[in-house]
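Single-letter residue listing:
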Amino acid sequence: MAETASRPLNLALQGGGAHGAFTWGVLDRLLQEPDLKFTAISGTSAGAMNAVVMAEGLLEGGHEQARERLEQFWMGVSEAASLMSPFRRTPLQRITDSWGLSSSVLYEASLAFTRVFSPYEFNPFGYNPLKQALEKLVDFEKVRRQRRIKLFINTTHVRTGALRCWREDELTVDMVLASACLPWLFQTPVIDGEGYWDGGYVANPAIEPLIRHTRTDDVLIVQLNPIVRNVLPRSSFDIQDRLNEITFNSSLLTELRFIAERNRLIEGGDLTSNQYRRIHLHMIHGDQELGAFPPSTKLLAESHFLIKLRDLGREAAAQWLESDGHKLGRRSSFDYRRIVAQMSEEAEGAADAPAAAGEAG
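Residues numbered from 1 in each chain as written. Predicted model: local features only at pLDDT ≥ 70, side-chain atom pairs only at ≥ 80, totals over all residues. Heavy atoms only, no water.

Peer 1: Would you mind showing me how to read the confidence of the model for the protein here?
Peer 2: Per-chain confidence: the protein averages 85 in pLDDT, with 82% of residues scoring 70 or above. For the stretch residues 353–361, pLDDT sits under 50, and the model shows zero contacts to residues farther than four places along the chain or on other chains. (pLDDT = per-residue confidence, 0-100. Contact = heavy atoms within 4.5 Å.)

Right under this line is the structure:
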């Protein structure tokens, strides 16, 4: 019996706090496809943690081991949160199965506290439970030595505001923690004398390194931050959460614009195929599923909630495999050009507005 040809695939994993458990579910389902070969992973924040834990599992024992490692990591996160996290639902919210934290006095008090006191004041020893969870599961020395899978862990360089993308051959636990460092919640990781924050501020995630450093044409983006929210935020917390979502999506939308333009130039013959190649973009997103949860749930790490997100991610991945999996290696499976066109139309409308107002006056 002939072996099934492998389908190479690069992964681009967004960050989104506890919503990264949705990505866990996506990966869990993809890892059940034996012919999928994961060439490289670019990850930011929770996406970086999923990337490193998955890579460890693949190196240790293949697809099934990667699934086990991801489950161990997320259940470890839940266990740590149950002991220490102030971001919890009230008893009434548990009874009514309500997920939003914005009505929780403890949640509001905790956030207000972090606006007044820095993590250097309320956490002077820099304790971060994620460090223990990662070090327990990931042999970083093994990750650095291997050449099987490329990793791109995205961080924001505090001093310059630029992207710093860490590679697998230099990776340490502090680099992964930096990718998920919300500076109002955690002390800033310092690496070689420089501070780094959450990579979502500048790349959520970075796609270009996947194109530049691999020969794999297919990139699957797992998106966690809804591009559109139809409810106008009114509370101070909801306003801040929506600002964060917009900020953390802006770099992804910019990269989609660049890829769309490059693909257009290749198709039109303005760029030669000898120097550039057409990239096939794919996306599994949680816009509808995750958009139904308040943004505050990105800080909710209860095991019941994480498992719910995992199951939603598994379902989304199963639907994508059924409807679009056959397009791998052939063409893109989502209309990224429409997203780019919509961005351009809105930008042009905003630019024309002042002139139109002046004419009307």
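Peer 1: Please explain the packing of aromatic side chains as it appears in this structure.
Peer 2: The geometry of an aromatic ring pair is captured by the separation of the ring centres together with the interplanar angle, meaning the angle of the planes. Tallied over the entire structure, the rule returns six aromatic pairs. For the ring pair Y201 and F248, a centre distance of 5.1 Å and an interplane angle of 75° mean the geometry is edge-to-face. Of this pair, Y201 sits in the loop between β6 (194–198) and α9 (208–213) while F248 sits in helix α10 (residues 236–267), placing them 47 residues apart in sequence. Ring geometry for F293 and F305: centres 5.3 Å apart, planes at 90°, overall edge-to-face. Taken as a pair, F293 in the loop between α11 (287–291) and α12 (303–324) and F305 in helix α12 lie far apart in primary sequence, twelve residues in all. Both residues of the pair, F293 and F305, count as buried. (Phe/Tyr/Trp six-rings, centres within 6.5 Å; stacked < 30°, edge-to-face > 60°. Helix = DSSP H or I, 4+ residues; strand = E, 2+ residues; numbered from the N terminus. Buried < 20%, exposed > 50% of the residue type's maximum accessible area, 1.4 Å probe, protein only.)

Peer 1: What is the right way to read helix α1 (residues 20–30) from this model?
Peer 2: Residues lying three or four places apart along an α-helix face the same way, a consequence of the helix completing one turn every 3.6 residues. Taking burial as the measure, the eleven residues of α1 include eleven buried ones, the bulk of the element. Among the residues making up α1, those that are buried are G20, A21, F22, T23, W24, G25, V26, L27, D28, R29 and L30.

Peer 1: Whenever I open this one, the nonpolar core confuses me. Can you help?
Peer 2: Side chains of a nonpolar character, in soluble globular proteins, are inclined to be buried together. L11, L30, F38, M54, F73 and L171 are the most contacted members of the largest nonpolar core, which totals 65 residues. At 14 residues, the largest contribution of residues to this core is made by helix α2 (residues 46–84). Sequence-distant contacts of M54, defined by excluding residues within four places in its chain, comprise L11, L27, L31, F38, I41, A66 and L70. In this structure, F152, I207, V219 and I279 belong to the second largest nonpolar core, which totals 21 residues. (Core = buried A, V, L, I, M, F, W, Y, C linked by side-chain atoms within 4.5 Å.)

Peer 1: Please explain the pattern of salt bridges as it appears in this structure.
Peer 2: A side chain of one charge can pair with a side chain of the opposite charge if their charged atoms are brought near each other. This model, assessed by the stated rule, comprises 23 salt bridges. When the shortest N-O distance is used, the salt bridge between R337 and E267 registers 2.7 Å. Note that R337 is positioned in helix α13 (residues 336–360) and E267 in helix α10, a separation of 70 residues in sequence. By relative accessible area, which is 41% here, E267 ends up partly exposed. (Salt bridge = Lys/Arg side-chain N within 4 Å of Asp/Glu carboxyl O.)

Peer 1: I keep staring at the environment of L306 and nothing clicks. Help me out?
Peer 2: Inspection of the secondary structure puts L306 in helix α12. Residues L306 and G25 lie 281 residues apart in sequence; the distance between their C-alpha atoms is 9.5 Å. Sequence-distant contacts of L306, that is, excluding residues within four places in its chain, are made with A18, A21, W24, W74, M75, S78, L300 and A301.

Peer 1: So what exactly am I meant to see when it comes to the side chain of Q146 here?
Peer 2: With respect to the helices and strands, the residue Q146 is situated in the loop between α7 (140–145) and β3 (150–157). There is a polar contact of 2.7 Å between the side chain of Q146 and the backbone nitrogen of R148. Filtering out sequence-adjacent residues up to four positions away, Q146 remains in contact with L59 and E168. (Polar contact = N/O pair within 3.5 Å; in protein donor to acceptor, adjacent residues only side chain to side chain.)

Peer 1: What is the right way to read unusual backbone geometry from this model?
Peer 2: Both trends apply: most residues other than glycine have a negative phi, and most peptide bonds are in trans. Following N204, the chain continues to P205 via a peptide bond in cis, the omega torsion being -10°. Note on placement: P205 falls in the loop between β6 and α9. Backbone geometry places S45, a non-glycine residue, at a positive phi of 60°. At D192, a position not held by glycine, the phi torsion is positive, near 50°. Considering the arrangement of structural elements, one finds D192 in the loop between β5 (190–191) and β6. In this structure D192 comes out as exposed when scored by relative accessible area, which is 76%.

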